[in-house]
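One-letter residues, chain by chain:
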Amino acid sequence: QVQLVESGGGLVPPGGSLRLSCLASGSIFSINAMGWYRQAPGKQRESVAHITEISSSLYADSVKGRFTISRDNRKNTVYLQMNSLKPEDTAVYYCYADRRNPAGRDWGQGTQVTVSS
């Protein structure tokens, strides 16, 4: 299995920026894709961004042009740079890692992002 620890959440005013980090440990050589989901109060968890082993990325329409996902394989870390934050971005953000052999998905514990004045 892969253990994931997120950091970088917090309180930021509308229009501000945050960078989330997710450090992977454990069976890191089994990781292929990684990404971020978020869950706002009373809402379903939704996909935010996804990055493959070769750093191809996908984004939810709601964050395109504002968020950037990246990964540093030497540091076993995936990042989510969030700019032009809006109150509707308020949520708990969860990092995930997709494994092979055996195939599966591991999750971090989540980090709170609050966008408010």
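These numbers come from a predicted model, not from an experiment.

## Some words on the environment of Trp 36
Next up, step 1: Checked against the element boundaries, Trp 36 lands in strand S4 (residues 31-39).
Next up, step 2: Exposure remark for Trp 36: the relative accessible area of 0% places this residue in the buried category.

## Observations concerning the side chain of His 50
Next up, step 1: Relative to the helices and strands, His 50 is located in strand S5 (residues 46-51).
Next up, step 2: A distance of 2.5 Å separates polar atoms of two side chains, one belonging to His 50 and the other to Tyr 96.

## Observations regarding the side chain of Ser 30
Next up, step 1: Counting through the fold element by element, Ser 30 comes out in the loop between strand S3 (18-26) and S4.
Next up, step 2: Owing to a relative accessible area of 12%, Ser 30 belongs among the buried residues under this scheme.
Next up, step 3: Apart from residues lying up to four places away in sequence, Ser 30 is in contact with Val 2, Asp 98, Arg 99 and Arg 100.

## Digging into the sheet that holds S3
Next up, step 1: Spatial ordering of the open sheet is given by S1-S3-S8-S7, a layout of four strands whose pairing is antiparallel. Only two strands of the sheet have a single neighbouring strand rather than two, namely strand S1 (2-7) and strand S7 (67-72). Pairs of neighbouring strands in the sheet enclose a mean axial angle of 15 degrees, with direction left out of account.
Next up, step 2: Judged from the six bridges that link them, S7 and strand S8 (residues 77-82) form a sheet pairing that is antiparallel. Of the residues in S8, the one forming a bridge with Asp 72 is Thr 77.

## Looking at the pattern of salt bridges
Next up, step 1: Throughout the structure, instances matching the rule amount to eight salt bridges.
Next up, step 2: In this structure, the salt-bridge partner of Arg 100 is Glu 53, at a minimum N-O distance of 3.0 Å. Highlighted residues: Arg 100 in the loop between strand S9 (91-99) and strand S10 (104-107) and Glu 53 in the loop between S5 and strand S6 (57-59), separated in sequence by 47 residues.
Next up, step 3: The exposure class assigned to Arg 100 is partly exposed, which follows from its relative accessible area of 29%.
Next up, step 4: With a relative accessible area of 40%, Glu 53 lands in the partly exposed category.
Next up, step 5: When the shortest N-O distance is used, the salt bridge between Asp 72 and Arg 74 registers 3.6 Å.
Next up, step 6: Using a relative accessible area of 76% as the deciding quantity, one classes Arg 74 as exposed.
Next up, step 7: Several salt bridges converge on common partners, so that one network encompasses Arg 38, Glu 46, Arg 66 and Asp 89.

The rules behind each value
- Residues numbered from 1 in each chain as written.
- Predicted model: local features only at pLDDT ≥ 70, side-chain atom pairs only at ≥ 80, totals over all residues.
- Heavy atoms only, no water.
- Helix = DSSP H or I, 4+ residues; strand = E, 2+ residues; numbered from the N terminus.
- Buried < 20%, exposed > 50% of the residue type's maximum accessible area, 1.4 Å probe, protein only.
- Polar contact = N/O pair within 3.5 Å; in protein donor to acceptor, adjacent residues only side chain to side chain.
- Contact = heavy atoms within 4.5 Å.
- Pairing = 2+ DSSP bridges.
- Axes fitted to C-alpha atoms, helices over the stretch in contact; angles between N-to-C directions.
- Salt bridge = Lys/Arg side-chain N within 4 Å of Asp/Glu carboxyl O.

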